[in-house]
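An overview of the molecular structure
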Amino acid sequence: MVHFVGAGSGAVDLITIRGARLLSEADTVIYAGSLVNPDLLSYTKEGCEIYDSSKMTLEQVIEVIKKAEAAGKVTVRLHTGDPSIYGAVREQFDELVKLGIEYDVCPGVSSFCGAAASLKTEYTLPDVSQTVIITRTAGRTPVPERESIRALAVHQATMILFLSTSLTKVLQADLLAGGYPDDTPVAVVYKATWPEEKVFRCTLGTLHATVTENGLTKTALIIVGDCMGDKYLRSKLYDPGFTTEYREATE
Ligand code: SAH
């Protein structure tokens, strides 16, 4: 049996209770060493075999799983944040299906949720944005043209950029060209929820300068949008004048 487990965004106590239990029961753990906080491995039991997938190919990962399965062992494949976001999990699922190996998935706190907590912000503010775009800048990994930053920027929704910290020059230009104003609030969150977390607030016009001046190249999220400004409307949900299924309006 293979359990794909979301490790959470960094802090060791941000893994789910289920994820921590699965880790503690695993005979073999394959973790994404480039991103997962290694302190999470303290949940594993004595004698657990540990592999760092940042030094492995898909084929090598599958080989380790195959051997563990043949020996009747339980494997945890530990991915950073939530496995469904840039986790390269689908190709692993499909290989396991071909081999007839059973697997399941335990979700995790994605780094974009960790970053919202660090920023103490809400991505979906009434009258500001009701949409969160999760994307990345095209670099060595291409992005479909219809999802170009310029095309997505037209919406001026809350935008969260993964895997883009080393590409901020072109990112800034594309976000501006797509329609976000120069003074749009931006936050760059480095290692959200890790002990060494750092938060940088700037505007779209100063994004590239902020990232380069602070030497940020990876493990950071860039959050763009007026959700980090100070104008918004109150929610209807908690408005005394608004009747809901659970509460009568009092005004
Ligand atoms: N599955 C992960 C994302 C993996 S892609 C998740 O759900 O969070 C790797 C990228 O995620 C990094 O380049 C960075 O942009 C972002 N990232 C991962 N952990 C982060 C953290 N703790 N703080 C800020 N960004 C993080």
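The coordinates are above.
One structure accompanies this document, and this report is about it. (Residues numbered from 1 in each chain as written. Predicted model: local features only at pLDDT ≥ 70, side-chain atom pairs only at ≥ 80, totals over all residues. Heavy atoms only, no water.)

Tallying secondary structure elements over the protein gives seven helices and ten strands in all. Projected onto its principal axes, the C-alpha positions of the protein cover 60 × 50 × 35 Å. For the protein, the computed accessible surface area is about 13,400 Å², with 52% contributed by carbon and sulfur atoms. Here the protein carries 24 positive and 32 negative side-chain charges, and the mean point of each set is 4 Å from the other. (Helix = DSSP H or I, 4+ residues; strand = E, 2+ residues; numbered from the N terminus. Areas by Shrake-Rupley, 256 points an atom, 1.4 Å probe, with all protein chains shown as cover. Lys, Arg positive; Asp, Glu negative; His and termini not counted. Charge placed at Lys NZ, Arg CZ, Asp CG, Glu CD.)

Another aspect to go through is the side chain of Thr135. Residue position: Thr135 is located in strand S6 (residues 132–136). Among residues more than four places away in sequence, those in contact with Thr135 are Tyr86, Ile149, Leu152, Met159, Ile160, Leu161 and Phe162. (Contact = heavy atoms within 4.5 Å.)

This part is about helix H2 (residues 58–70). Side chains three or four residues apart in an α-helix point the same way, a direct result of the helix having 3.6 residues per turn. Between its terminal C-alpha atoms H2 stretches 18 Å, which fits the 18 Å expected from 13 residues at 1.5 Å a residue. Of the residues making up H2, those classed as buried are Val61, Ile62, Val64, Ile65 and Ala68. Taken down its axis, H2 places every buried residue within 155° of arc, on the same side. Of the residues in H2, the exposed ones pointing more than 90 degrees away from the buried face are Glu59, Lys67 and Ala70. (Expected span 1.5 Å × (residues − 1). Buried < 20%, exposed > 50% of the residue type's maximum accessible area, 1.4 Å probe, protein only. Arc of directions from axis to C-beta.)

Turning to the sheet that holds strand S1 (residues 2–6), a few remarks are in order. With parallel pairing, five strands are arranged side by side in an open sheet as S3-S2-S4-S1-S5. At either margin of the open sheet sits one strand with a lone partner, and together these are strand S3 (49–52) and strand S5 (103–106). Between one strand axis and the next, the sheet turns through 20° on average, direction left out of account. Where strand S2 (residues 28–31) and S3 come together, four bridges link them in parallel fashion. In the sheet register, Tyr31 faces S3, and the bridge partner there is Asp52. (Pairing = 2+ DSSP bridges. Axes fitted to C-alpha atoms, helices over the stretch in contact; angles between N-to-C directions.)

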